[in-house]
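# Coordinate inspection notes
Take a look at the letters that make up each chain.
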Amino acid sequence: MKAVIIPDIRAGFEYLAAAVGDAAAEGERVWVIIPDQMALTTERELSRLLPETAQLYFEVVSFRRLADNIFRKYGGISYSYADSCAEALIMRRAVAQCAGTLSVYGKSAESPSIVPVMLSAVRELKQCMITPDALEGAAISAEARAALDGESFPSGKYTDIANIWRVYDTLLSASYDDRLSELSRAAELVSDGRFFEGDTVLVFSFSGFTAQQLALLRGAERGARALNVIFTTPSLPDDGVEYDLINDTVSRLYRISRAVGVPFSREVRDVPEKKGGISELSRLLFKNGRGTERPDALTVVRCGSFYDEVESAAIKLLLYLVSGSR
């Protein structure tokens, strides 16, 4: 596995295209995994940067679309999902069935407000790949440790959630597939790595991953010929919270590679300084806190937040319109 950090999105696309092109030249299938909102941009950029022959070998997918490909090959899902109304009704039934056994939420069982609270808790726990049994076991263990220290721990709260969750899953699975468990089920199907055998997997422009996504990457690491995770961030290694998040994610990927038993490498690439256009203007304006050149037609406004920036721009536009400008 290789983690590559590139502090420039354009250079990131160029690196991605080169990696796809190299794999395609060897006749390998390439999976390009991207965030949902990056799908159209990534496909457009790769189509622009790569020859037509290379475009036969790669597929741009989100993690959910990757799961669809896995299910098409191995089966295991019918794509019959409950909408938000059905989920709420099923959770209401689950709470009602458990009401007599709830130690903490018993008094709230009749209130409609408990439904969104439980749905939110179950969604978060599923995304973290935590099971009801694991949640209940952890709560009991935490209570025992707290008792040794002369403290208390609300294990009943988590036991209630686990019990409601079990009943909810039973009721949901009787009529629907569970959208939130899709990635977990897909990860189980590819855990031996055979789905990715001989392929190149390129993961692009994420800052972090959920437990479900990491489980899928673990399967890819076991079978793929190469797995590269490419991070793009405007922050440099010593500057910015976003880089801190990426650095933490790289540490998690390193632990996966160790568990699988494959080599791991990390690279921070330098981006060549670009001349002209917005890049050069930005460099001149903010170098040492002030611009070396400032035309009279240019106004620079320092804003405390994104919202202040939008408000400043809106006010300026309004003044131009009132004065008759176009």
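In the block above lies the structure referred to throughout.
Anyway, here's the lowdown on the structure attached to this text. (Residues numbered from 1 in each chain as written. Predicted model: local features only at pLDDT ≥ 70, side-chain atom pairs only at ≥ 80, totals over all residues. Heavy atoms only, no water.)

## Describing the sheet that holds strand β2 (residues 30-33)
Taken in spatial order, the 6 strands make up an open sheet running β3-β2-β4-β5-β1-β6, and their pairing is parallel. Looking at which strands have only one partner, the edges of the open sheet turn out to be β3 (58-61) and β6 (265-268). Strand-to-strand, the axes of this sheet are offset by a mean angle of 15 degrees, without reference to chain direction. Packing against the sheet, helix α3 (residues 63-74) makes contact with β2 and β3, and its axis sits at approximately 120 degrees to β3. (Pairing = 2+ DSSP bridges. Helix = DSSP H or I, 4+ residues; strand = E, 2+ residues; numbered from the N terminus. Axes fitted to C-alpha atoms, helices over the stretch in contact; angles between N-to-C directions. Contact = heavy atoms within 4.5 Å.)

## What to know about the packing of aromatic side chains
Considering all chains together, one arrives at 9 aromatic pairs under this definition. Ring geometry for Phe63 versus Phe209: centroids 6.2 Å apart, planes at 80 degrees, classification edge-to-face. One end of the pair, Phe63, is in helix α3; the other, Phe209, is in the loop between β4 (200-204) and α9 (211-223), with 146 residues separating them in the sequence. Note on Tyr74 and Phe195: the rings are 6.2 Å apart at their centroids and 55 degrees apart in plane angle, and the pair reads as tilted. With Tyr74 in helix α3 and Phe195 in the loop between α8 (182-189) and β4, this pair connects stretches of sequence that are 121 residues apart. In textbook terms, an aromatic cluster arises when at least three aromatic residues are bridged by ring pairs, as seen for Trp31, Tyr74, Phe195 and Phe196. The residue whose ring lies beneath Arg29 is Phe195, and the NZ or CZ to ring-centre distance is 5.8 Å. We note Arg179 situated over the ring of Tyr81; from NZ or CZ to the ring centre the distance is 3.9 Å. (Phe/Tyr/Trp six-rings, centres within 6.5 Å; stacked < 30°, edge-to-face > 60°. Lys NZ or Arg CZ within 6 Å of the ring centre and 35° of its normal.)

## Some points on helix α2 (residues 39-49)
By the burial criterion, the buried members of α2 are Ala39, Thr42, Glu45 and Leu46. Taken down its axis, α2 places every buried residue within 140 degrees of arc, on the same side. Those residues of α2 that are exposed and aimed more than 90 degrees away from the buried face are Leu40, Arg44 and Arg48. (Buried < 20%, exposed > 50% of the residue type's maximum accessible area, 1.4 Å probe, protein only. Arc of directions from axis to C-beta.)

## Looking at empty space enclosed by the protein
Where empty space is left in the structure can be found by rolling a water-sized probe over the atoms. Applying the stated criterion across every chain yields a total of 1 cavity of 30 Å³ or more. As a volume, the largest cavity reaches approximately 60 Å³. Lining the largest cavity we find Glu87, Leu119, Val122, Arg123, Lys126, Tyr168, Leu172, Asp178 and Leu180. Looking at the lining of the largest cavity, the elements with two or more residues in it are α5 (114-127) and α7 (155-173). For the lining of the largest cavity, the element with the highest residue contribution is α5, accounting for 4 residues. Classifying every residue of the lining of the largest cavity gives 5 nonpolar, no polar and 4 charged. (1 Å grid on protein atoms, 1.4 Å probe; cavity = no way out; pocket = protein on both sides within 12 Å on 5 of 7 lines; lining within 4 Å. Points joined across faces, edges and corners; volume = space filled by probe spheres on them. Nonpolar A, V, L, I, M, F, W, Y, C, P; charged D, E, K, R; others polar.)

Taken by themselves, the reported measurements are silent on function.
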